[in-house]
Amino acid sequence: MNRSPTAILQISRRAALALTVALLGACAQMAPAPDPLPSWNEGPAKDAIVQFVRKTTDSASPQFVPPAQRVATFDQDGTLWVEQPMYAQVAFALDRVKDVVKAQPALANEEPFKAVVTGDRAAMARFTEGDLLKIVGASQAGLSIEAFREVVKAWAATAKHPKFQRPYTELVYAPMVEAMKYLRANGYRTYIVTGGGQEFVRAFADAVYGVPPEQVIGSMLKVDYSVRNGVPTLTNAPAVFFINDKAGKPVGINMVIGQRPQAAFGNSDGDQQMLEWTTAGAGARLGMLVLHDDAQREFAYGPAAGLPESKVGTFTQSLYDEAKAKGWTVISIKKDWKRVFAYE
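This write-up is about the structure you can find in this document. Predicted, not measured: the structure shown is a model, and the values here were computed from it.

### Describing unusual backbone geometry
Link 1 in the chain: Pro112 follows Glu111 through a cis peptide bond whose omega is 10°.
Link 2 in the chain: Among the secondary structure elements, Pro112 is positioned in the loop between helix H3 (88–103) and helix H4 (113–118).
Link 3 in the chain: In this chain, Gly302 is followed by Pro303 through a cis amide linkage whose omega measures 15°.
Link 4 in the chain: Of note, Pro303 is situated in the loop between strand E6 (286–291) and helix H13 (317–326).
Link 5 in the chain: The phi dihedral of Gln165 falls on the positive side, at around 55°, and the residue is not glycine.
Link 6 in the chain: Looking at the secondary structure, you find Gln165 in the loop between helix H7 (145–158) and helix H8 (174–185).
Link 7 in the chain: Taking relative accessible area as the criterion, Gln165 reaches 49% and is therefore assigned partly exposed.

Listed below in structure tokens is the structure:
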């Protein structure tokens, strides 16, 4: 059968197009998938996360977890962002003391507020946990939930960390944010379970971590309901309602989520019970603890593994030993993270 030159040219073009499409498809199949955890060095910590996700999301896996049960919890201070030399919320509360005293002048003569107002560093160095709770409580008491969140946002936009001279919201650990995104991309709901103030963290959690307010579980002050000028209002009271730390974390998780997580990430003794409860469940479980052992890029403290002692974010040797005994993964910032912060 004779074909015209035009017909032959059209056939050649179609054949070339088909060949190009086939080659592109083959290249796409050959190209490796992008690394979901690019800020992690290759090693057991990164492998633990990847393998956990694979075996719990593959429907053919004997350890498959239905989407409705996919829950991962993350401590915040020291796990998701910097906690040294003091917790960010304590820095916020101390910065708020002058405003608090201005609204309640009588507090200027009462401790622990007097020490802050007068700049008595010796007295401030002796502050107990109770003193700090008073200051933290006063920093939000009397403010509506909405007003308090706006105050926190304004502070976060200007306050800078004393060592890094950057906003606290830039001192979020890039590897951990990647882990959260990777889990969410595979059907997991990621919750922040913090010993810090629930409303404090809710003010920025969505913007910084992609975690909506309803997925933040933290320590809570008593909240009062009232009608102000005809408007129903929730207002923070200075009394403590619930401390979401240590043994309180499993209680808080059950109270808000109503189920045992499949994975839990922490960094200190305050997270011990959360990891114990999480990993005691049946099926595939993941427990991970961040060990701060990189004084060059961040901080080094423990006292686990012979690191310096710290009252902030204490990671004891007994917790380290428990992690090894129970198969939890200890993440070494020095060895396991290519970079610590996104701006690096």
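After that view of the structure, there is still more to cover.
### Examining the pairing of strand E1 (residues 71–74)
Link 1 in the chain: With burial as the criterion, each face of E1 is covered, one bearing Val71 and Thr73 and the other bearing Ala72 and Phe74.
Link 2 in the chain: Bridge analysis of E1 against strand E2 (residues 189–197) gives four bridges, and the strand direction is parallel. Within the sheet, the bridge partner assigned to Thr73 lies in E2 and is Tyr191.

### Quick notes on the side chain of His292
Link 1 in the chain: Position of His292 relative to the elements: it lies in the loop between E6 and H13.
Link 2 in the chain: With relative accessibility at 1%, the residue His292 sits in the buried group.
Link 3 in the chain: In terms of polar contacts, His292 uses its side chain to reach the backbone carbonyl oxygen of Gly78, at 2.7 Å.
Link 4 in the chain: For His292, the side chain forms a polar contact with the side chain of Glu298, separated by 2.8 Å.

### Quick word on a nonpolar patch on the surface
Link 1 in the chain: A cluster of nonpolar side chains, Val223, Tyr225, Val227 and Leu234, forms an exposed patch at the surface whose accessible area comes to about 390 Å².
Link 2 in the chain: Looking at the nonpolar patch, the element that brings in the most residues is strand E3 (residues 216–228), giving three residues.
Link 3 in the chain: Tracing the chain through its elements places Tyr225 in strand E3.
Link 4 in the chain: Here Tyr225 falls in the exposed class, since its relative accessible area comes to 58%.

### Side note on the packing of aromatic side chains
Link 1 in the chain: In total, this model carries 17 aromatic pairs according to the counting rule given.
Link 2 in the chain: Judged by centre distance (6.2 Å) and plane angle (50°), the ring pair of Phe315 and Tyr320 falls under tilted.
Link 3 in the chain: A relative accessible area of 2% means that Phe315 is categorised as buried.
Link 4 in the chain: When the centroid spacing of 5.5 Å and the interplanar angle of 10° are considered together, the rings of Phe341 and Tyr343 count as stacked.
Link 5 in the chain: Residue classification places Phe341 among the buried residues on the basis of a relative accessible area of 0%.
Link 6 in the chain: Members of the aromatic cluster, each reached through a chain of ring pairs, are Trp40, Phe164, Tyr173, Phe299, Trp337, Phe341 and Tyr343.

### Remarks on the sheet that holds E3
Link 1 in the chain: If you walk across this open sheet you meet the seven strands as E4-E3-E2-E1-E5-E6-E7, and the pairing is mixed. Whereas interior strands pair on both sides, the edge strands pair on one side only; in this sheet they are strand E4 (231–242) and strand E7 (329–332). Each adjacent strand pair in this sheet contributes to an overall mean axis angle of 35°, direction not counted.
Link 2 in the chain: When E1 meets strand E5 (residues 263–266), the two strands line up parallel, connected through three bridges. Looking at E5, one finds that Phe74 is bridged to Phe265.

### Some thoughts on the pattern of salt bridges
Link 1 in the chain: Summed over the entire model, instances satisfying the criterion amount to 13 salt bridges.
Link 2 in the chain: Two residues, Asp99 and Arg96, come together in a salt bridge whose shortest N-O distance is 3.8 Å. Of this pair, Asp99 and Arg96 both sit in helix H3, three residues apart, which is roughly one turn of the helix.
Link 3 in the chain: The class for Arg96 is buried, based on a relative accessible area of 14%.
Link 4 in the chain: Measuring nitrogen to oxygen at the nearest pair gives 2.8 Å for the salt bridge that ties Lys326 to Glu322. Of this pair, Lys326 and Glu322 are both found in helix H13, four residues apart, which corresponds to roughly one turn of the helix.
Link 5 in the chain: A relative accessible area of 48% means that Lys326 is categorised as partly exposed.
Link 6 in the chain: Taken together, the salt bridges that share partners define one network made up of Asp35, Glu42 and Lys46.

### Focus on the environment of Val177
Link 1 in the chain: Position of Val177 among the secondary structure elements: in helix H8.
Link 2 in the chain: A sequence separation of 76 residues divides Val177 from Ile253, and the C-alpha atoms of the two residues are 21 Å apart.
Link 3 in the chain: Look past the residues within four positions of Val177 in its chain and what remains in contact with it is Val172 and Tyr209.

### A closer look at the packing of H3 against H7
Each pair of packed helices can be described by the angle between their axes along with the distance between the axes.
Link 1 in the chain: Relative orientation of the contacting elements H3 and H7 amounts to 100°, with a least axis distance of 11 Å. One way to sum up the angle between H3 and H7 is to call them roughly perpendicular. In this structure, H3 contributes Ala88, Ala91, Phe92, Asp95 and Arg96 to the contact, and H7 contributes Phe148, Val151, Val152 and Trp155.
Link 2 in the chain: In terms of residue class, the contact of H3 with H7 is built from seven nonpolar, no polar and two charged.

The rules we used
- Residues numbered from 1 in each chain as written.
- Predicted model: local features only at pLDDT ≥ 70, side-chain atom pairs only at ≥ 80, totals over all residues.
- Heavy atoms only, no water.
- Helix = DSSP H or I, 4+ residues; strand = E, 2+ residues; numbered from the N terminus.
- Buried < 20%, exposed > 50% of the residue type's maximum accessible area, 1.4 Å probe, protein only.
- Pairing = 2+ DSSP bridges.
- Polar contact = N/O pair within 3.5 Å; in protein donor to acceptor, adjacent residues only side chain to side chain.
- Patch = residues over 30% accessible without salt bridge, like charges linked within 9 Å, V, L, I, M, F, W, Y side chains within 5 Å.
- Areas by Shrake-Rupley, 256 points an atom, 1.4 Å probe, with all protein chains shown as cover.
- Salt bridge = Lys/Arg side-chain N within 4 Å of Asp/Glu carboxyl O.
- Phe/Tyr/Trp six-rings, centres within 6.5 Å; stacked < 30°, edge-to-face > 60°.
- Axes fitted to C-alpha atoms, helices over the stretch in contact; angles between N-to-C directions.
- Contact = heavy atoms within 4.5 Å.
- Parallel < 35°, antiparallel > 145°, perpendicular 65-115°, else oblique.
- Nonpolar A, V, L, I, M, F, W, Y, C, P; charged D, E, K, R; others polar.

Worth remembering: the numbers are spatial, not functional.
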